[in-house]
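Descriptive structure summary
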Amino acid sequence: MTTADRASERTVGDVAARPARWWPVAAGALFGGALAVAAAVGFSDTAQSSLVLTAAAFVYLGAAALGRRDAAWPLFGLTFVLIGVGFAVPGFDPFWAMLGIVVVLAVYGLARGAARPAWGLPLQAAAMVVVVGVAAAVAVLGQPWAGLLVGAGLLAHAAWDVHHLRTGRVVSASLAAFCCALDAVLGVAVVVLALAA
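Definitions and limits used
Residues numbered from 1 in each chain as written. Predicted model: local features only at pLDDT ≥ 70, side-chain atom pairs only at ≥ 80, totals over all residues. Heavy atoms only, no water. Helix = DSSP H or I, 4+ residues; strand = E, 2+ residues; numbered from the N terminus. Buried < 20%, exposed > 50% of the residue type's maximum accessible area, 1.4 Å probe, protein only. Contact = heavy atoms within 4.5 Å. Areas by Shrake-Rupley, 256 points an atom, 1.4 Å probe, with all protein chains shown as cover. Axes fitted to C-alpha atoms, helices over the stretch in contact; angles between N-to-C directions. Parallel < 35°, antiparallel > 145°, perpendicular 65-115°, else oblique. Left-handed = near helix turned anticlockwise from the far one by under 90°. Nonpolar A, V, L, I, M, F, W, Y, C, P; charged D, E, K, R; others polar. Core = buried A, V, L, I, M, F, W, Y, C linked by side-chain atoms within 4.5 Å.

1. Here we look at the overall build of the protein chain
Counting its secondary structure elements, the protein chain contains 8 helices and 0 strands. Relative to its 197 residues, the protein chain shows a buried fraction of 42%. Sequence separation of 24 or more characterises 76% of the internal contacts of the protein chain that already satisfy a separation of 6 or more. For the protein chain, the exposed surface amounts to about 9,700 Å²; the carbon and sulfur share of it is 72%.

Next comes the structure, spelled out in structure tokens:
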């Protein structure tokens with residue numbers, strides 16, 4: 001058994017063994033549920049739901065670039081603020097703000113030698129490129145395709161979260177669990193709303 005396997009067993013085992021450690025899952029499900037309700041009542045739309053996917057990729061790439069799993073929560077907080085400013089300030093687009101910051105973080109990561117391991121910054125950068133592609137597609141697609149694409153992206157990211165939770169890589173276990181629950185709940189809701197439209 002490799003060191004990574006032992007770390008994975010510890011991470012998953014610790015979460016399963018202590019119910020108090022399930023708070024990230026509960027918080028993520030509640031947050032995802034609130035976002036789903038906002039989408040259902042028309043307070044937000046598919047483009048805004050795609051910002052959640054962009055934020056998730058941003059957090060992972062940022063943590064990989066900084067080389068610190070514990071940077072994930074502050075990075076999540078930053079995305080929360082940027083998306084909130086996008087709602088409050090006309091003309092401010094949180095997508096472009098996140099993209100600009102993530103490019104700076106990626107350059108910093110490369111400068112500090114974070115090109116290895118491959119599952120770190122390189123893989124997270126590739127995931128970010130896919131997410132940017134999804135955001136571009138959402139801008140030109142109508143419903144139901146835009147919603148189905150965003151929902152599928154969120155569900156795929158939930159699987160990404162599970163992988164990172166199991167391997168103990170890139171982000172903290174609590175952030176991976178929180179993000180998994182949020183992505184899964186919101187992803188299902190976005191798909192259902194797209195099909196109902």
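Next comes the rest of the write-up.
2. Overview of the packing of helix 3 (residues 46-66) against helix 5 (residues 94-111)
Contact geometry of helix 3 with helix 5 gives a least axis separation of 9 Å together with a crossing angle of 15 degrees. Between helix 3 and helix 5, the angle falls in the class roughly parallel. Like other packed secondary-structure pairs, helix 3 and helix 5 cross with a definite hand, here left-handed. Where helix 3 approaches helix 5, its residues Leu51, Thr54, Ala55, Phe58, Leu61, Gly62, Ala65 and Leu66 are matched on the opposing element by Pro94, Phe95, Met98, Ile101, Val102, Leu105, Ala106, Tyr108 and Gly109. Its residues assigned to classes, the contact of helix 3 with helix 5 comprises 14 nonpolar, 3 polar and no charged.

3. Some thoughts on the nonpolar core
With 49 residues, the main nonpolar core has Val59 and Val171 as its most contacted residues. Elements with a contribution of two residues or more to this core: helix 3, helix 4 (72-88), helix 5, helix 6 (121-140), helix 7 (145-167) and helix 8 (173-196). Residue contributions to this core peak at 13 residues, all from helix 3. Not counting residues up to four positions away in its chain, the partners in contact with Val171 are Val59, Tyr60, Ala63, Arg69, Ala72 and Ala176.

4. Some details on the environment of Ala156
Along the chain, the position of Ala156 falls in helix 7. Classification of Ala156 by relative accessible area gives partly exposed; the value is 48%. Put simply, Ala156 and Asp183 are 27 residues apart on the chain and 8.5 Å apart in space, counted from C-alpha to C-alpha.

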